[in-house]
Amino acid sequence: MKKFLVFALAALILQSCRVSYSFSGTSIQQDVNTIYIELFEYKALLVNPTLSNELTENIRDQFRRLTRLEQVDSNSDLELYGAVTGYNISAQAISANEQATQNRLTVEVSINFVNNKHPEDNVEKKFSSYADFPSSTPLSSVESSLCQEIITKLTEDIFNATVAQW
């Protein structure tokens, strides 16, 4: 009986907060039902022609799978805007004879998340993620898989910073 009372009290408290919690870890207010996710702009100097579109679609898919939000083109409760601001390759590991043995591909993204119903939840933030590869391997042969790995990390970070509020 004691366990039932504790459970009932917890349920009542959660319901009174008017925030919807889900098994995916999101905390979205009950009066928030729609989201608009704009195509991320590409502003990096080094060009990857598909990165912006792939990142945007991955984020849209994440919101589709893990939230109850309907994706719309206008008059949304939530808005997510972003830009790829960096796409860089740098040497990471140097051998004894001063040759690079490991390279790193880094992608930087800035986002602006607007909650039109609860402005206190707005987020403006920069994210960065990377993947390493051997310097003996041409970037062109691993770029697609590295970008997919980076996009997955960035998507998780963006999702967590916006609707999971981690």
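The structure presented is a predicted model; accordingly, all values stated were derived computationally and were not measured.

## Digging into the overall build of the protein chain
From N to C terminus, the protein chain includes three helices and eight strands. N-terminal to C-terminal, the α/β element order of the protein chain is α-β-β-β-β-α-β-β-β-β-α. When burial is assessed residue by residue, the protein chain has 39% of its 166 residues classed as buried. Residue pairs at least 24 apart in sequence account for 64% of intrachain contacts in the protein chain once pairs closer than 6 positions are excluded. Of the roughly 9900 Å² of accessible surface on the protein chain, a fraction of 53% belongs to carbon and sulfur atoms.

## Concerning the pairing of strand E3 (residues 34-37)
Bridging between E3 and strand E5 (residues 70-71) involves two bridges; their strand directions are parallel. Considered in E5, the bridge of Thr-34 is made with Glu-70. Judged from the three bridges that link them, E3 and strand E6 (residues 78-94) form a sheet pairing that is parallel. Residue pairing for E6: Ile-37 is matched across the bridge by Leu-80.

## Points about the packing of aromatic side chains
What the rule picks out here adds up to two aromatic pairs. For the pair Tyr-36 and Tyr-81, a centre-to-centre distance of 6.1 Å together with 65° between the ring planes defines the contact as edge-to-face. In this pair, Tyr-36 sits in strand E3 while Tyr-81 sits in strand E6, placing the two residues 45 residues apart along the sequence. Tyr-81 sits in the partly exposed class, given a relative accessible area of 26%. Its guanidinium or amino end placed over the ring of Tyr-130, Lys-153 lies 5.6 Å from that ring's centre, counting from NZ or CZ.

## What about the packing of helix H2 (residues 51-66) against helix H3 (residues 139-162)?
H3 packs onto H2 with a crossing angle of 50° between their chain directions and a minimal axis gap of 9 Å. Taken together, the axes of H2 and H3 lie oblique to each other. In terms of crossing hand, the pair formed by H2 and H3 is right-handed. In contact with Leu-51, Glu-54, Leu-55, Asn-58, Ile-59, Gln-62, Phe-63 and Leu-66 of H2, H3 contributes Cys-147, Gln-148, Ile-151, Thr-152, Leu-154, Thr-155, Glu-156, Ile-158, Phe-159 and Thr-162. Residue classes in the contact of H2 with H3 are distributed as 10 nonpolar, six polar and two charged.

## Digging into H2
Residue pairs spaced three or four apart in an α-helix point in one direction, given the helix's 3.6 residues per turn. When the terminal C-alpha atoms of H2 are compared, their 22 Å separation across 16 residues agrees well with the 22 Å that a helix rising 1.5 Å per residue should span. Of the surrounding secondary structure, the elements contacted by the buried residues of H2 are E3, strand E4 (41-42), E5, E6, strand E7 (100-115) and H3.

## Some details on the nonpolar core
Ranked by size, the top nonpolar core spans 35 residues in total, and within it Phe-63, Val-109 and Ile-111 carry the most contacts. Looking at this core, the elements with two or more residues in it are E3, H2, E6, E7, strand E8 (123-134) and H3. Ranked by residues supplied to this core, first place goes to H3 with 10 residues. Each residue touching Val-109, except ones within four places of it in the same chain, is listed here: Phe-40, Leu-55, Ala-83, Val-84, Thr-85, Lys-125, Lys-126, Phe-127, Leu-154 and Ile-158.

## With respect to unusual backbone geometry
Its identity is not glycine, yet Asn-75 carries a phi of approximately 50°, on the positive side. Topologically, Asn-75 is positioned in the loop between E5 and E6. The exposure class assigned to Asn-75 is exposed, which follows from its relative accessible area of 76%.

Criteria and cut-off values
- Residues numbered from 1 in each chain as written.
- Predicted model: local features only at pLDDT ≥ 70, side-chain atom pairs only at ≥ 80, totals over all residues.
- Heavy atoms only, no water.
- Helix = DSSP H or I, 4+ residues; strand = E, 2+ residues; numbered from the N terminus.
- Buried < 20%, exposed > 50% of the residue type's maximum accessible area, 1.4 Å probe, protein only.
- Contact = heavy atoms within 4.5 Å.
- Areas by Shrake-Rupley, 256 points an atom, 1.4 Å probe, with all protein chains shown as cover.
- Pairing = 2+ DSSP bridges.
- Phe/Tyr/Trp six-rings, centres within 6.5 Å; stacked < 30°, edge-to-face > 60°.
- Lys NZ or Arg CZ within 6 Å of the ring centre and 35° of its normal.
- Axes fitted to C-alpha atoms, helices over the stretch in contact; angles between N-to-C directions.
- Parallel < 35°, antiparallel > 145°, perpendicular 65-115°, else oblique.
- Left-handed = near helix turned anticlockwise from the far one by under 90°.
- Nonpolar A, V, L, I, M, F, W, Y, C, P; charged D, E, K, R; others polar.
- Expected span 1.5 Å × (residues − 1).
- Core = buried A, V, L, I, M, F, W, Y, C linked by side-chain atoms within 4.5 Å.

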